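One-letter residues, chain by chain:
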Amino acid sequence: MASGSGDEKGKVDGVSWRLVGPASELSKKRCRLMYSSLGYDSDVCLFFVKGEFFAMDARCSHSGGPLCEGDIEEADGVLQVFCPWHDYDFDLRTGASGTSLQQQVYEVKLEDGNVYVKHTSRLSLEPFSADQKS
Ligand code: FES
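Predicted model only: the values in this text are computed from it and were never measured.

Cut-offs and rules
- Residues numbered from 1 in each chain as written.
- Predicted model: local features only at pLDDT ≥ 70, side-chain atom pairs only at ≥ 80, totals over all residues.
- Heavy atoms only, no water.
- Disulfide = S-S within 2.5 Å.
- Helix = DSSP H or I, 4+ residues; strand = E, 2+ residues; numbered from the N terminus.
- Buried < 20%, exposed > 50% of the residue type's maximum accessible area, 1.4 Å probe, protein only.
- Salt bridge = Lys/Arg side-chain N within 4 Å of Asp/Glu carboxyl O.
- Pairing = 2+ DSSP bridges.

Engineer: Explain the state of the cysteines here, please?
Structural biologist: Cysteine pairs can be linked by a disulfide, which is a covalent bond between their two sulfur atoms. All told, the structure shown has one disulfide when counted by the stated rule. For cysteine 31, the disulfide goes to cysteine 68, at an S-S distance of 1.9 Å. With the S-S bond torsion at -105°, the cross-link from cysteine 31 to cysteine 68 turns out left-handed. Taken together, the residues cysteine 31 in strand E3 (residues 31-34) and cysteine 68 in the loop between strand E5 (52-57) and strand E6 (71-75) connect sequence positions 37 residues apart. For the pair formed by cysteine 31 and cysteine 68, the shared burial category is buried. Between cysteine 45, a free cysteine, and cysteine 68, which holds the nearest cysteine sulfur, the sulfur-to-sulfur gap is 3.7 Å.

Engineer: It is not clear to me how unusual backbone geometry should be interpreted in this structure. Could you clarify?
Structural biologist: With the exception of glycine, most residues fall at negative phi, and the peptide bonds are largely trans. The phi torsion at lysine 50 lies on the positive side, around 50°, for a residue other than glycine. For lysine 50, the location among the structural elements is in the loop between strand E4 (44-49) and E5.

Engineer: It is not clear to me how the pattern of salt bridges should be interpreted in this structure. Could you clarify?
Structural biologist: For side chains of opposite charge, pairing can occur when their charged atoms come near one another. Per the stated rule, a full pass over the model turns up six salt bridges. The salt bridge partner of glutamate 107 is lysine 118, with a shortest N-O separation of 2.9 Å. Placement of glutamate 107 in the loop between strand E9 (105-106) and strand E10 (108-111) and of lysine 118 in strand E11 (residues 114-119) is noted, with a sequence separation of eleven residues between them. For lysine 118, a relative accessible area of 25% translates into the label partly exposed.

Engineer: Even after reading the chapter, I still don't get the sheet that holds E9, so can you show me in this structure?
Structural biologist: For sheets, the rule is that strands pair by backbone hydrogen bonds, running either parallel or antiparallel. Strand order in the open sheet formed by four strands is E3-E4-E5-E9, with antiparallel pairing between adjacent strands. Bordering the open sheet on either side are E3 and E9, each of which pairs with just one other strand. The pairing of E3 with E4 spans four bridges and is classified as antiparallel. Residue cysteine 31 lies in a different strand from E4, and its bridge partner there is phenylalanine 47.

What follows is the structure in structure tokens.
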């Protein structure tokens, strides 16, 4: 990625990245719920699984189940989160499921020890704050 993207509202090549917080802290929990200023339906999960971060909409595309509370399993090299409500599973990387359901995912990058999530018009994350530690 080109330089100059360190600012949470910075734009590089027309793409905005949202600074979420330090990877050293964010990697201490398997999932963090990040609230959107657009409302409950736009909250986002940041998962940390097998040394990698993944971001996806926090509410299941089936009926709104809380994916941050779902079990994560690996099958044939694919990491999946299982919705705790009806057990549909979603690929953490693509958001695809074994059904017609598709979960919105967001690109994540690490830069200078910080985690950034690609910002879209419908995603507005609250920055990571110290009281989210642990
Ligand atoms: Fe997630 Fe039904 S709400 S599977």
